Amino acid sequence: MSDTARGTSRRYGTRPTMKDVAARAGVGLKTVSRVVNGEPGVTPDTERRVQEAITALGFRRNDSARILRKGRTASIGLVLEDLADPFYGPLNRAVEEVARSHGALLINGSSAEDPAREQELVLALCARRVDGLVIIPAADDHRYLAPEIAAGIATVFVDRPAGRIDADVVLSDSFGGAQDAVAHLIAHGHRRIGFIGDQPRIHTAHERLRGYRTAMAAAGLPVDESWVSLGPTAPERVRSAATAMLAGPQPVTALFAGNNRVTVTAVRVLAGHPRPVALVGFDDFELADLVNPAITVVAQDAARLGRTAAKLLFRRLDGADDAPRRMEIPTRLIPRGSGEIPPAES
């Protein structure tokens, strides 16, 4: 009868040790160590008893000390903005695949776009002695990381650059992608184009606004400041901004949405609007090609972002010590229908 069947209580959080294995098998600690580490000098019968004890107890070798003797933990940390955001799924998977190919474990967490939470999470990962970090930053001051980087923790920022320190960064071309989106709307006859973006302190929101303004200026079009709204991407805020832009005697005839969360809310607003309004969103999202009309988007290659960042991180861990690098991944405009609607003049 098993220990569980006999009703033996189980103490969670405690794990069997080599001392427990030795006692059960009736051998010394050194013998267990030799079996666990595949070393010679153990008879077949003794090895069999040790293996039976290991199986019965559910013993697993603790690699921490062995790994730390080598100076590496074979683990890296990934700090994301929001684990629930579909944009980060392919990025997370790509980082994990690169880590796995290097025999490393990935530990991830979410900052919830909170600078204080980001710092807490990053320093907790450092305390657990990860070899390196991939960070999508919420903060705009990363001097708190300088001692960790100086101590040897490789760090690569993704999607947004580090604040007030020099560090490797891998970005999407937010500025160029926004220019392409707005130029596309202008080419389809639009002159009053609204932009709804994320909070202005966020690098990507700033760059997409800059791309919007640059495209409008290049076409000789003025920008009424009532056509621009930056702030939290909560549906209530986005709905209010879009409704205001679509109202009045001179409403916008097209919307450029600064990220996928803004786009989803804009789709809902436009579904109940009496006039057709063109829409281009930054970031692709699931089912964007199935709604009617299908949503024209500026697509980022999230997987390539993650893969590039992770490869750069392991390059640093392998000893590369050249100056911090800034790498930019191009975006791609995907016309599907919503961005090709002509202006319906009021």
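Identification of the protein chain as Putative LacI family transcriptional regulator from Streptomyces lydicamycinicus is taken from an unreviewed UniProt entry.

Participant: I'd like a rundown of the environment of Asp 140, residues and numbers included.
Facilitator: Within the element layout of this structure, Asp 140 appears in the loop between strand E3 (132-135) and helix H7 (146-150). Excluding anything up to four places from it in sequence, Asp 140 contacts Gly 163 and Arg 164.

Participant: An account of the pairing of strand E5 (residues 168-172) is requested, with residue identities and associated values reported.
Facilitator: Counting buried residues along E5, five of its five residues qualify, which places the element largely inside the surrounding structure. The pairing of strand E4 (residues 154-158) with E5 spans three bridges and is classified as parallel. When the sheet's bridge partners are listed, Val 158 is paired in E5 with Val 170. Bridging between E5 and strand E11 (residues 326-329) involves four bridges; their strand directions are parallel. Looking at E11, one finds that Val 169 is bridged to Arg 326.

Participant: Give a detailed account of the nonpolar core, specifying residues and quantitative values.
Facilitator: Burial of nonpolar side chains together is a common tendency in soluble globular proteins. Formed by 42 residues in total, the largest nonpolar core has its most connected members in Val 182, Ile 193, Ile 196, Tyr 212, Met 216, Leu 255 and Phe 256. A per-element tally of this core places helix H8 (residues 174-187) first, with five residues. Sequence-distant contacts of Met 216, defined by excluding residues within four places in its chain, comprise Val 182, Ile 186, Arg 191, Ile 193, Leu 221, Pro 222, Val 223 and Trp 227. Core analysis: the next-biggest nonpolar cluster, separate from the first, contains 26 residues, Tyr 88, Val 95, Val 134 and Leu 312 among them.

Participant: Break down the pairing of strand E2 (residues 105-110) for me, citing the residues and quoting the values.
Facilitator: Pairing between strand E1 (residues 75-80) and E2: six bridges, direction parallel. If you follow Leu 78 over to E2, its bridge partner there is Asn 108.

Participant: So what's going on with the side chain of Ser 338? Which residues, and what values?
Facilitator: By the secondary structure assignment, Ser 338 is in the segment after strand E12 (332-334). Setting aside anything within four residues of it in sequence, one finds Ser 338 in contact with Ala 278, Leu 279, Pro 293, Ala 294, Ile 295 and Thr 296.

Rules used in this analysis
Residues numbered from 1 in each chain as written. Predicted model: local features only at pLDDT ≥ 70, side-chain atom pairs only at ≥ 80, totals over all residues. Heavy atoms only, no water. Helix = DSSP H or I, 4+ residues; strand = E, 2+ residues; numbered from the N terminus. Contact = heavy atoms within 4.5 Å. Buried < 20%, exposed > 50% of the residue type's maximum accessible area, 1.4 Å probe, protein only. Pairing = 2+ DSSP bridges. Core = buried A, V, L, I, M, F, W, Y, C linked by side-chain atoms within 4.5 Å.

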